[in-house]
Every structure is written in structure tokens, then in C-alpha cells.
Amino acid sequence: MVKAGSLRRPGMPMDYDKLAEKSLRGEALAREEMKAVLDAPDEELPELLAAAFKVRRYYFGKRVQIHVLKNIKSGLCPEDCHYCSQSSISQAPIDRYPLLSKETLLEGALQAKEAGAVRYCMVASGRSPTERETDQIAEVVREIRGRVPIQICACLGLLNEAKAKTLQQAGVERVNHNLNTSRRHHPNVCTTHTYDDRVETVKIVREAGMSTCCGGIMGMGETQNDVMDWALALRDLDVDSIPVNFLHPIPGTPFEGLHEVTPQRCLKILCLVRFVNPSKEVRVGGGREVNLRSLQPMSLYPANSLFVNGYLTTPGQKATEAHRMIEDLGFEIEEKIAPAGSA
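A. Region of the structure containing the overall build of the protein. Helix and strand content of the protein: 11 helices and 10 strands. A globule of 343 residues ought to have a C-alpha radius of gyration of about 20 Å, and the protein, at 19 Å, matches this closely. Its C-alpha atoms give the protein principal-axis dimensions of about 65 × 40 × 35 Å. When burial is assessed residue by residue, the protein has 56% of its 343 residues classed as buried. Long-range pairs, those at least 24 residues apart, make up 76% of the contacts in the protein between residues at least 6 apart in sequence. For the protein, the accessible surface area stands at approximately 14600 Å², while carbon and sulfur atoms represent 50% of it.

Below, the structure is given as C-alpha cells:
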């Protein structure tokens, strides 16, 4: 007998294709459907991934975007984000340095291009860039845009309208600022700024005429409801790009002892994000190497982009290895930005 409201017939796997069809129609999944994705039995992962791939393939075909991060200012941050090795409360032994030189950042852009990246992501620690730092970054961006055929993303903390406009006028195409988690769980992750501070920066970025990149970090003690609330918040904000990071517990940070996500859970979260935000770029972000491990290739069935050559203070998969993984899947590296839906 099937319980009232149940999505699963006794003894039968769930029909995930129906969720894919609903997603492709642009309809929001019900919370019960979202929970069914997150609670899917591990033995049903092949069916779940196949359904998510139908949505991914419709909008992005077999193309994979490569992105490269550059830590342009390390440590020296007054915020208390519990996951971050650069925060004011971290005891992690990391390099600490002010804004890197123009020459170093230009060389980083050239290296990103050589790695097959469509986008060079410059990330600076801190609550918010000073006006001087904003102007310095804008100058660097103009130099890169004039010499390297690559898109530029900046992740600089909280922004006001003036700083956002300076970046936009310099040629920054996209700005990243993650929600990180749900509104409910945010105070357990950071207390020196609010969830609404983050939402406001995302809105300011869009109003300034730049593309929005906004995602989160899974594995920080969140509940299933938190994951669903976070995915729905991204849909409501209509962000363009969603980096899905998985906590890499760094010794010396408050979250150093958290080891909550399995490779299977990572894949289920990625599938949920694809169903809830079907036409958006979904990127496998930080922590994929240590959390997905040998299942990393499977992440590209729901996701359509990834980072290579490391993260801010942790190593990552080398570009050559990522290229081989993409090729072995029968996918192709996207050498330039193509319009969504042009599979």
C-alpha cells in the first residue's frame, strides 16, 4: 500500500525522470520531491544521475567549463567564517600577504588560459575591499582584458554600489559572493556579517550589470531542510552560476572535525541543485577532490563546470588530470562561453 503523498511505490525505485521532466518545464520541485532526491538510496544513484543529466544535457550538452582561482590577497581577514583558513579565528598555518602585484595577477591570467579556463577568478580575503584596493583590482582587470582572451570573475567580499560599478566599468564580467548555507544555519557558520549582507551584495552585483555567481558549502552541519532552503534561495535570486563546494575540514579552523559528506551525498546535492536551477551553470567547487574522491567524474552528469589547479589555501586536481577525466567521459572542454540552451 502506498502512503498518502508518497512518491515511491513499494519495492520500486523512484521515477526520477518525472522530476527531470518537471524541471525542464521550469516548474519548481515540491519539498517532498526535493527531500526524495537528498534521501535517495545509494543503489538508485545511477537512475538519479541519469535524470539530472537529461536536464544538464538539454541546456549545456556535453560541454564542461573550466575555471581557475587565484588567491590575490591571503589571510588578514577580520571575519569569523568557521570553515575558512583565512578567518580571524583560524589557527591554520597559511601564507598571509596583501594584494598581489599587477605582474603576478597578469601571469595568473595567462596560466589560467593555458589550463583551458574560460574564466579567471580573482579572490581576495577580507570583509570588503577598500576603495584603493578596488581601484587597484580595476586597473589589473583592464590590463588583463587587453592582453588575455579570458572572462574575469572577482570575489572580494561585501560590495556597495560604487565599488561594484568600478569593477563593472573595468571589465569584470562576473562577481562571486556565496550564500554558503541557509538563512537558518548561517549564524552557526559566521557571526561577523549576516545572511542578508550576502544577499544584498548579490543584488548589488546584478544591478551594476554583472553576472552573479552564488553558491555554498555543504557539509557544515546543515540539515536536509537547510540544503533545500539554500537551493530554493538561489532559485529565487535567479543567480547565473552556482558553485557547489564541499567542506574540506582544515586543521586550525572551528570546522576541522567535521566530516559529514560522503561521495554519494555530494552527488545527490548536485542533482538537487540541477533540478531546482535547471538552466544555470552548476560548478563542482572546493573540496570535490577530498569528498567525491573516485566518484569525481560522476559529478559532471549534473554539473557543467569545475575548478582546476587548486583553491585558495588547499590543493586541487591538476588541469591535465581534469582534461583527461573530461575526455574519458566523452565530454568536451568549452573553450568559450556559449549561450545556455545551445547544446
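Next, the rest of the story.
B. Spotlight on the packing of helix α8 (residues 224–237) against helix α9 (residues 263–276). Look at α8 against α9: their axes get within 9 Å of each other, and the N-to-C directions meet at 35°. The interaxial crossing formed by α8 with α9 has right-handed handedness. Contacts from Gln224, Val227, Met228, Trp230, Ala231, Leu232 and Arg235 in α8 reach Arg265, Ile269, Leu272, Val273 and Val276 in α9. Among the residues making up the contact of α8 with α9, the classes are represented as nine nonpolar, one polar and two charged.

C. Spotlight on the side chain of threonine 201. Along the chain, the position of threonine 201 falls in helix α7 (residues 195–207). Of the residues examined, threonine 201 reaches a relative accessible area of 2% and is grouped as buried. Dropping the residues within four chain positions of it, threonine 201 is found in contact with Gly157, Leu158, Leu159 and His177.

D. Focus on the state of the cysteines. This model, assessed by the stated rule, comprises zero disulfides. A disulfide-free cysteine, cysteine 121 has its sulfur positioned 4.5 Å from the sulfur of cysteine 153, the nearest such atom. Using a relative accessible area of 4% as the deciding quantity, one classes cysteine 121 as buried. Unpaired in terms of disulfides, cysteine 271 finds its nearest cysteine sulfur in cysteine 266, a separation of 11 Å.

E. Layout of the pattern of salt bridges. Following the criterion strictly, the structure yields 19 salt bridges and no others. Glutamate 33 is the partner of lysine 22 in a salt bridge, and the nearest nitrogen-oxygen pair spans 2.8 Å. You can see lysine 22 sitting in helix α1 (residues 16–24) and its partner glutamate 33 sitting in helix α2 (residues 31–38), a full 11 residues away along the chain. A residue is classified by how much of its surface remains accessible, and lysine 22, at 16% relative accessible area, is buried. For glutamate 33, a relative accessible area of 14% puts it in the buried group. One salt bridge connects lysine 280 with aspartate 238, and the closest N-O pair in it is separated by 2.7 Å. With lysine 280 in the loop between α9 and β8 (281–284) and aspartate 238 in the loop between α8 and β7 (241–246), this pair connects stretches of sequence that are 42 residues apart. On the basis of relative accessibility, which here comes to 15%, the residue lysine 280 falls in the buried class. Residues joined by salt bridges that share partners form a network here, namely Arg119, Glu173, Arg174, Glu281 and Arg283.

F. Examining the confidence of the model for the protein more closely. Considering every residue of the protein, the mean pLDDT works out to 93; 94% of them sit at 70 or more. pLDDT under 50 marks residues 338–343. Its contacts with residues more than four places away, or in other chains, come to 13 contacts.

G. Focus on α2. Restricting attention to buried positions, one finds in α2 the residues Glu33, Met34, Ala36, Val37 and Leu38. Considering only its buried residues, α2 is in contact with α1, α3 (45–60), α8 and α9.

H. A look at the packing of helix α5 (residues 131–147) against helix α6 (residues 161–170). With their axes 8 Å apart at the nearest point, α5 and α6 run at an angle of 15° to one another. Put simply, α5 runs roughly parallel to α6. Crossing hand, α5 versus α6: right-handed. Side by side, α5 and α6 meet where Glu131, Thr134, Asp135, Ile137, Ala138, Val141, Arg142 and Arg145 of the first sit next to Lys163, Thr166, Leu167 and Ala170 of the second.

I. Structural context of the packing of aromatic side chains. Applying the stated criterion to the full structure yields five aromatic pairs. An angle of 85° between the planes, with centres 6.2 Å apart, marks the rings of phenylalanine 307 and tyrosine 311 as edge-to-face. Tyrosine 311 gets classed as buried once you look at its relative accessible area, which sits at 12%. Among the aromatic residues, those joined into a ring-pair cluster are Phe53, Tyr301 and Phe331.

J. Local environment of the nonpolar core. The biggest cluster of nonpolar side chains holds 49 residues, and the ones touching the most others in it are Leu179, Trp230, Val244, Phe246, Ile269, Leu272 and Phe275. Those elements that place two or more of their residues in this core are α1, α2, α3, α7, α8, β7, α9 and β8. Per element, the largest residue contribution to this core is nine residues, and it comes from α9. Counting 42 residues, the second-largest nonpolar core is a separate cluster that includes Ile152, Ala164, Met210 and Leu300.

Calculation criteria
- Residues numbered from 1 in each chain as written.
- Predicted model: local features only at pLDDT ≥ 70, side-chain atom pairs only at ≥ 80, totals over all residues.
- Heavy atoms only, no water.
- Helix = DSSP H or I, 4+ residues; strand = E, 2+ residues; numbered from the N terminus.
- Rg over C-alpha atoms; globule rule 2.2 N^0.38 Å.
- Buried < 20%, exposed > 50% of the residue type's maximum accessible area, 1.4 Å probe, protein only.
- Contact = heavy atoms within 4.5 Å.
- Areas by Shrake-Rupley, 256 points an atom, 1.4 Å probe, with all protein chains shown as cover.
- Axes fitted to C-alpha atoms, helices over the stretch in contact; angles between N-to-C directions.
- Left-handed = near helix turned anticlockwise from the far one by under 90°.
- Nonpolar A, V, L, I, M, F, W, Y, C, P; charged D, E, K, R; others polar.
- Disulfide = S-S within 2.5 Å.
- Salt bridge = Lys/Arg side-chain N within 4 Å of Asp/Glu carboxyl O.
- pLDDT = per-residue confidence, 0-100.
- Parallel < 35°, antiparallel > 145°, perpendicular 65-115°, else oblique.
- Phe/Tyr/Trp six-rings, centres within 6.5 Å; stacked < 30°, edge-to-face > 60°.
- Core = buried A, V, L, I, M, F, W, Y, C linked by side-chain atoms within 4.5 Å.

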